[in-house]
Amino acid sequence: GDLDQNLIADNISVVEGETATISCRVKNNDDSVIQLLNPNRQTIYFRDVRPLKDARFQLVNFSDNELRVSLSNVSLSDEGRYVCQLYSDPPQEAYANITVLVPPGNPIIESREDIVREGNETEITCTSMGSKPAATIRWMKGDKELQGKSKVEATYDRMFTVTSWLRFTVMREDDGVPVVCIVDHPAVKDFQTQKYLEVQYKPEVTIKVGFPQGLIREGENLELTCQAKGKPQPHQVNWVRVDDDVPSHAVITGSDLYIENLNKSYNGTYRCVASNSVGETYADYILYVRDALTTTPKPTTTTTTTISATTSPPDITQDSQAGPEAQRLDHAVIGGVVAVVVFAMLCLLIVLGRYFARHKGTYFTHEAKGADDAADADTAIINAEGGHNNSDEKKEYYI
């Protein structure tokens, strides 16, 4: 006979309690007898006969080329090296190792505390009990993987328990986010458990200006609203004036501060302080009252206000109560604006006309000043004239 291995067997992994199938295959049969032995080298099957008194072994297929046997309800004690024998000349052996897998119990997740304060460290533990082989544990917080520390303990009978600890510092964004413990093991799929974080944090405070919009003049009324959110929700919102008392006739209702008939003595920093069990936070509003407009016609006030309202931060809500008076005011405003613009243009024309008549030469030097660092004539003129507008707008905004 040839020395090439004519007999083939494969290793098998099987989950405890399930069925293993052992196959002894012959490439070129010469009518030699084939048999299967257990790890103690007792004969399970001799051809298609079973001398072993264990009915969990059943014949699946017996032919010239194969002896295939199933072993049902596999237990840990069935693990080991099974032997296929072929009584050829010389006799041959092939080995089938049976590995029994034991799935872990449901993972158990525990945390040191149920509620964590922002900025503190929390520790979460996940345990995977009694598996073979040992499981591996991975952690996810939301959709990010985090590194834990694991410890593997051998229990009894080649079984393992794995514990993993995860430590991290919590932020307010973690509130309500799941921390997931994922158990990887060859006997199970998608095995995981999770815990939702509950994070407490200091209030976040913002001040909204109800009215007036834009520059604030003497005689106007001021309304400020303090918005505070935190976890737990702030139990207290207080208005104070830094380095001074809040004006005696100011009305404070909950988180709103209302001051009528402003004058310059009210200038200063008004502070809204919100607190909860974690701590307190404040936001400041700087009040700067200007002279009432007496000499200039009323319409121009309103134009100033509208300009600075457009440049003011977008979260300031416009006060939109347009009664008939407001509409009349609008018409007056538009009329006023148009009049002012037309008047300004007329003045400009007259001035320019006289200017040209007198200095034909100097105009060009003026244009050149803007043109030094400009790409074309248009930008030159913008450079020469535009600087003035910008500084004006900035002034409106910061005041």
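Model, not experiment: these values are computed from the prediction.

Calculation criteria
- Residues numbered from 1 in each chain as written.
- Predicted model: local features only at pLDDT ≥ 70, side-chain atom pairs only at ≥ 80, totals over all residues.
- Heavy atoms only, no water.
- Disulfide = S-S within 2.5 Å.
- Helix = DSSP H or I, 4+ residues; strand = E, 2+ residues; numbered from the N terminus.
- Buried < 20%, exposed > 50% of the residue type's maximum accessible area, 1.4 Å probe, protein only.
- UniProt positions renumbered as here; feature names shortened; annotations may be inferred.
- Pairing = 2+ DSSP bridges.
- Axes fitted to C-alpha atoms, helices over the stretch in contact; angles between N-to-C directions.
- Salt bridge = Lys/Arg side-chain N within 4 Å of Asp/Glu carboxyl O.
- Contact = heavy atoms within 4.5 Å.
- Polar contact = N/O pair within 3.5 Å; in protein donor to acceptor, adjacent residues only side chain to side chain.

Draft legend 1. Expanded view of the state of the cysteines. Tallied over the full model, the rule gives 3 disulfides. Across the disulfide from cysteine 24 sits cysteine 84; the S-S distance is 2.0 Å. Looking along the S-S bond of the cysteine 24-cysteine 84 disulfide, the torsion reads about -70°, which is the left-handed sense. Placement of cysteine 24 in strand β3 (residues 20-26) and of cysteine 84 in strand β8 (residues 80-86) is noted, with a sequence separation of 60 residues between them. Like cysteine 84, cysteine 24 is buried. Across the disulfide from cysteine 226 sits cysteine 272; the S-S distance is 1.8 Å. Residues cysteine 226 and cysteine 272 are joined through a disulfide that is left-handed, its torsion about the S-S bond being -60°. Taken together, the residues cysteine 226 in strand β21 (residues 222-231) and cysteine 272 in strand β25 (residues 268-275) connect sequence positions 46 residues apart. With relative accessibility at 0%, the residue cysteine 272 sits in the buried group.

Draft legend 2. Geometry of the UniProt feature "transmembrane region" (unreviewed entry) in the chain. Residues annotated in UniProt with the feature "transmembrane region" (unreviewed entry) correspond here to residues 332-352. Annotation note: span residues 332-352, helix share 100%, strand share 0%, distance between end C-alpha atoms 30 Å.

Draft legend 3. Main features of the sheet that holds strand β7 (residues 66-71). Spatial ordering of the open sheet is given by β1-β3-β7-β6, a layout of 4 strands whose pairing is antiparallel. In this open sheet, the two edge strands, each paired with only one partner strand, are β1 (7-9) and β6 (57-62). The mean angle between the axes of side-by-side strands here comes to 20°, regardless of whether they run parallel or antiparallel. Inspection of the sheet shows β3 paired to β7 by 6 bridges, in the antiparallel sense. Bridge pairing in β7 places alanine 20 opposite leucine 71.

Draft legend 4. Structural view of the pattern of salt bridges. Inspection of every chain in the model, using the stated rule, returns 18 salt bridges. Among the salt bridges present, the one from lysine 132 reaches glutamate 79, with a minimum N-O distance of 2.3 Å. With a gap of 53 residues between them, lysine 132 in the loop between β12 (121-131) and β13 (136-141) and glutamate 79 in the loop between β7 and β8 connect regions that are remote in the sequence. For lysine 132, a relative accessible area of 8% corresponds to the buried category.

Draft legend 5. Focus on the environment of tyrosine 258. The residue tyrosine 258 is located in strand β24 (residues 256-259) in this model. Residues tyrosine 258 and glutamate 223, spaced 35 residues apart in sequence, show a C-alpha to C-alpha distance of 4.5 Å. Not counting the four nearest positions on each side in its chain, tyrosine 258 is found in contact with Phe211, Asn221, Leu222, Glu223, Ala250 and Val251. Among the polar contacts made by the side chain of tyrosine 258, one reaches the side chain of asparagine 221 at a distance of 3.4 Å.

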